Every structure is written in C-alpha cells, then in structure tokens.
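# Geometric and topological summary
Here is what each chain is made of, one letter per residue.
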Amino acid sequence: MKSLRDHFLRIDARSLGLFRITFGLVLIADLFGRWRWLRDFYSNEGVLPNHNHLFNLRGKQEVFSVFHAFSTVGEAHFAFALALVVYVLFVIGYRTRVFHVLSLVVLVSLTARNILLENAGNYAAIAILAFTAFLPCGSRLSVDSLRASMALRDEKRDTELNDRSRTPEAEIWADRLPGWSPTSLAALGVLLQIALIYLCTALQQRGEAWRDGTAFYYALHVDRWASETGAWLGDALPLGTLRGLTFGVRGMELAIPVLLVVPALFRWTRGIAAALMVLHGVLLGVFFDFGLFGWALAAAAPLVVPGELWDVYERSWNERRARTLVYDADCGLCLTISRLLKRLDLRGHLAFQGNGALDELYVRNQTGATERVPMPKEVSAELVERTVLAIDRKGRVFLRGKAVTEALMALPFGWLALPLKLPGISHLLDAIYEVVATRRHHISMLLGKQACGIPLFGEDDVDEAEAEAGPAPALRAARRALGALREASVVVVLAAMLAQTAKENPLPGAAAIPQGELLAAVASWPRMLARWDLMAPEPPRSNGTIVIDGQTRASQPIDPLTGEAPRLDPAAQPAPRLGQLWSDYLDRIRKQEWVDFQRAFRDYMAKGGPLSEDGGRESSLQGFDAYWVEAPIPPPGAPAPGEAEIERGKLFSHARGGIAKPSLERRPGLPPSVLKKPIQPN
C-alpha cells in the first residue's frame, strides 16, 4: 500500500522544485512572445479593445482577465512588467505558494484577454499550473527552501559544513506550514491530467494521414501551423523520416499514459515517461507554432520523475568535479556563502575547510566521507588570509575569481559557469572579487553577523523545550483543517476536469459523466476547457490565409500583414509567419461564429495593421478588401496546385475596398484570371 500511495498520491519535492523552474521559464518565454504583439492584442489600439471584447462576450463565454483593466499601450506594458515580476519570483521560489497562484492568475488573464488567441496549449498549461498550486512546489530548489534550511541548521565551523546527514523528518515536519503535506489528491490530479492530455490527443488523431504516416508532411505544409524551422524541415526531410515522426509522435502519446499509471517497476517506467514527454514536447515546439502545448508538456516532465531516480542522481559522484574550499573562518560572509553552497551541492562534490589549521586538507570521497590528505605546498597562512582557495583532487590550487568559478562548476548545471573562464570575463570576476574580499568583514556586520561569523547576541535564542515539544496544539489543528480544505478543493477541481474532458473529447463512456453548472463554471472561468484535439482527426489537406488588398492614403497598394503588395496567389507568396497568436486569430476572425469581432479588426486594419509603427511609409489605409485564399496541399511527390485549384472568398470590405479594379489589373504579380475568379459572398 505504501508503494501505491507514493506512486499515485506523492510527487517528490525535488521533482516539484525542478518543475517550478522549467515551467516558470516556459511561462516567461511565452510572456515575451506575447509582449512582441502587446499593442495589437492587449491594448485598445489593437484588434480587440477591452470594451469590445467584453461587450461581444456577454452571456456567451465566462471569462476573467485582469488585463481588461488596462487600456492604453503604456498601461499594458506596465501590466506585462508586473506579470514578468510574478513569473520570476515563481521561478526562484520566493513565497512560492503566493506567486504560484498569482502566476496562474496571470496566465488565465493573458488567455482570457482575447479568446481568439487561445488554443490547446493554453488549456494544458493552465490545468497543470492549477493542480500543482495545491502541492509544495517551493519545498526544494527554491529561495523558500534555502531560507528554511539555513534557519534549521546554523553551521558555525567546517566540520558542521561537511556533515551531509539528512535532517530528521520530525524536525522538518515541525517547521512546515499549516496545510502542508507530502500526500495529496493533487498529485493524482496532476498525473491524471497529463495522462488524459496525451490519451485524448492520440485517440482523436484517427484520420487517414495518421494511419498512412503522412500527418507530419501535411502539418508542416500548413503555413499557420509550421514554425520557420518546421517549414524548412518539411521540405528538407525525406518522406520516410516524416513518416517516422508521424508514427513516433502518436506512439509516444499512447505510451506515456500507460507508463504513468503502471505501478510495477515505477522507477523506470516513470523515468521513461519523463524522457518521452520531453522528446514529444520538444518535437512539437520546434516543428510547430502551437503556443504553449509542446513546451508546457515538456516542462511538466519533472513531475513524473520518481524520488529513486533523484537518489541515483545525488549518488552520482564525479571525482573530476570534487573541490575543497578553504575559506576565512573569521568572515561571516564567507561562512554564509559556504552554507549556501553546501545546500546547492546536491551531489556532495564540495568539502569545506576553515583557514585555522592548514596541516592537512579535507577532501570528500565517493562514499561521502571526509578524508585528510597532505596540503599542497603553495598554500600558506598568508595566502588564505588574502583569498579563498579551491583545490581539486589533483592538488591544483585556484585563487580569487577562479576559485569562485571552480566552486560553481562543482554544482549541478555547473557547465553554466564555463563562460566565467573566458579572458576578459575572468579578469572582471577577479576585480569584483577583490572589491568584495577587502570589505568582507564590513559586509558581514551589515548582514547581522560578527566578523567571526557567530550570530549577534539574541539572534539564536530559541526555547529548546518548545522546539522539542513540536508544534502547538492550535497549529496542529490548523494543519488538519487547512489540509482538509485543500483536499476538498482538489476534489472539486478534479471532478470539474474529468467532466470537462468527457464533454470535449470522445472518450469511451464519456457521455455518462455529468457536469452541472458548478463544475462547468470551475472549468470555464479559468479557461480549463480541455480541448485536446491537436491535429485531429488529421491535418488539413489545404493551406489558407487572409490577404488584405488595401491602399494607403498615398494610394500605394499594400497588404498590412506582409508590408508588400497584396497577392492572391498562395504559390507566388507564402503566408506571413507572424507566429501562433496571429495564426490563431486570423484563422478564427474569418469564421461566422466570430463575426461580432470583425468590426474591431476592420478598424485596426484601417489604422495600418501590425506594420503601422513602421515609419518607412504612410501606413494608414483608406480602404481594403479582405480575402480568404486557400489552395490544396499537393500529396507527397505531386506538383504544386494550379490556378484552377485556388479558392478565393471575399470576407468583407472597408471604406473604398482597396484599389479600384482598373488599377488592380495593372498591378504586377497578379494574373488576369484573379479578376475572373468568382468571389464568394460574405
């Protein structure tokens, strides 16, 4: 029973910490991707002013967004800056629970500010972030965990720094916040959510292109889906490779849910699932512009890494990375930095030695024990008084900035410190080190430490009897009450997720799962809509785009989406690659269900569209026609479609409707047959 509990109801704290970092970095990258189009999608100067959005959604959609309160471009920049601060604090794990919830609010608000931009990636990221908000994502690899660990163990000397024994569970439990518990239904909710995303996606990909292996070929020829890298690879890779990618991606989507729920040998099945999640997400992220979908799932992979694999990693000691740091034992700043490095050194590569006794050198071996070996001859009392030393297993001694670099390289992801060895950067680091080292005792006093590193009087006064007694009864009662409230909230969110998934995806027996108003509201307000229909049932066999046939006030023909003369022949000019936001928006604004939002789009285009800030031309338009131009994607090995196969439909006109027809006939690049092609009515 314990193994089943740990398998389904617990996620290792180290996995949660790594997830917080990777997922937060993905959210930051997504924010910067949106920031590029802030004026166009998040201000009243763009395609959808906030009042227009809310007016057209009345009674139709349940949306909440704090970005509806920001109207001008400057206000939107301020809001995005606040969002960036929230994401950064979430990544580093400062007040983690607070900024986890705020990050969820930011992501929901970015999604709901303009629902024409949302897709499966938004739904997946929101759902994963919502379930993990109930889990202690800041208990490891965070500022919060560092602060708690520093308060729990206050090392004063090198022998204590070299003690790597684990803190007793009772001490950790006594210091936990009310409501915190490593066992929670939220862990089960996260695993089910991830498994259902993959399973529902795979079950809906049942078209012929997925069966014959051409799905990736067609998907990479859909301009609004393929990234720049994907479009290039779609033409460069042989058909056999694309078939392999097709079957491989769908195979991973079917295998991952099975690997997540199989209890036997879960160390390896979960590890394989995590690796497949990363591979699957990176493939989708590199090949396609699907927003957060691929990257969010790849960033969620640490959630399924079991504790046994973390233990294996922490025991993977490398002699070449082992270092001994000889620090000034009379410096409070040096002691504090050493205590911090100890906590970051997950694999135990660092040993610490004060400069009081230099007859022998402390070194760590593969078992984690500390050995004593002869001190290198060049180490003297005068030397260690002037600088910190880093000494490797071969006896090589590194000073000043080089010692700092060697210490960093002994930590996990130490390769990130390699640039510090470059000429110029290493000299700058030496200069910074000298400035800090000469003032280290003064800095120690400013940090509240005496020069010898001992806390000031009264700082460490703790009632030992109170510490041994454990949490007070009132605190234990608060923990039980808040824990029960947390689990009840998880049950509601989990039920809402299952009901919404059954509603939106054709699962066996899904029709029998009731939803009701409450569960529907829980799913719809935070936009957890669970539409896992990526490339389903198969990629389209045609390629379409919006073409704006406009003229500036200087009577210059222009398509504001490309900055060039409009062409109604897709073969003559590929669709503009403006990214996922524009792709989703343009694909939806043409459809009848979004016709209420077209007025704002017309006004925006009349102002010049996304290129209106380019000062190279008088960009505002005096009139334009909007067309949806669509051409079939040729099967593998077939020639490009001819003129007769291209379909053009007029969506709407604005003002004079673009260039007059006599001028249209004289424009270069447009064959005469364009004018003869019948135009579909609005």
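For the structure, see preceding data.
Figured I'd write up the structure that's included with this text. As a convention, each chain's residues are numbered from 1 in the sequence order in which they are written. pLDDT decides what is reported in this predicted model: residues at 70 or higher carry local features, side-chain atom pairs at 80 or more are listed and counted, and totals for whole chains, interfaces and linings draw on all residues regardless. To get the side-chain values, all heavy atoms of the structure are used, and hydrogens and water are removed first.

## Thoughts on helix α2 (residues 13–35)
To qualify as a helix, a DSSP run of H or I must reach at least 4 residues; to qualify as a strand, a run of E must reach at least 2; elements of each kind are numbered from the N terminus. The length a helix should cover is 1.5 Å for every residue beyond the first. When the terminal C-alpha atoms of α2 are compared, their 33 Å separation across 23 residues agrees well with the 33 Å that a helix rising 1.5 Å per residue should span. Pairing of N or O atoms within 3.5 Å defines a polar contact, subject to two protein rules: one partner must be a possible hydrogen donor and the other a possible acceptor, and residues neighboring in sequence count only if both atoms are side-chain atoms. Its side-chain oxygen 2.8 Å from the backbone nitrogen of arginine 14, aspartate 12 forms the N-cap of α2.

## Quick word on the pairing of strand β5 (residues 389–392)
Burial classification: accessible surface area is computed with a 1.4 Å probe over protein chains only, and a residue below 20% of its type maximum counts as buried, one above 50% as exposed, and the rest as partly exposed. Every second residue of β5 is oriented toward a common face, with Leu389 and Ile391 on one face and Ala390 and Asp392 on the other, all of them buried. At least two DSSP bridges between two strands are required for those strands to pair. One ladder, built from 4 bridges, connects strand β1 (residues 323–327) with β5; its direction is antiparallel. Its bridge partner lying in β5, threonine 324 is registered against isoleucine 391. Count of turn residues in the β5/strand β6 (residues 397–399) antiparallel hairpin: 4 residues, of which glycine 395 carries a positive phi of about 90°.

## Some thoughts on the nonpolar core
Phe288, Phe293, Trp582 and Tyr585 are the most contacted members of the largest nonpolar core, which has 135 residues in total. By definition, residues are in contact when any of their heavy atoms lie within 4.5 Å. Look past the residues within four positions of tryptophan 582 in its chain and what remains in contact with it is Trp37, Asp40, Phe41, Val47, Leu561, Tyr604 and Pro610. Nonpolar cores are built from buried Ala, Val, Leu, Ile, Met, Phe, Trp, Tyr and Cys residues. Side-chain atoms within 4.5 Å join them into one set. Counting residues in hydrophobic clusters, the runner-up holds 19 residues, among them Cys331, Leu341, Ala390 and Phe398.

## A word on the environment of valine 629
Inspection of the secondary structure assignment puts valine 629 in strand β9 (residues 621–632). Taking the C-alpha atoms as reference points, valine 629 and asparagine 543, separated by 86 residues in sequence, lie 8.3 Å from one another.

## Quick look at the side chain of serine 43
Assignment of secondary structure puts serine 43 in the loop between α3 (38–41) and α4 (50–57). With relative accessibility at 0%, the residue serine 43 sits in the buried group. Polar contacts involving the side chain of serine 43 include one to the main-chain carbonyl oxygen of arginine 39, which spans 2.7 Å. Sequence-distant contacts of serine 43, defined by excluding residues within four places in its chain, comprise Leu38, Leu48, Pro49, Ser71, Thr72, Val73 and Arg113.

## Topic: the pairing of β1
Burial analysis of β1 places 5 of its 5 residues in the buried class, which makes it a mostly covered element. Here β1 shows two buried faces, one formed by Arg323, Leu325 and Tyr327 and the other by Thr324 and Val326. Examined bridge by bridge, β1 and strand β2 (residues 350–354) share 5 bridges and lie parallel to one another. The partner of arginine 323 across the bridge, within β2, is leucine 350. Call a crossover right-handed when, viewed with both strands pointing away from you, the route from the first strand across the helix to the second goes clockwise. Crossover handedness for the path β1 to helix α19 (residues 332–344) to β2: right-handed.

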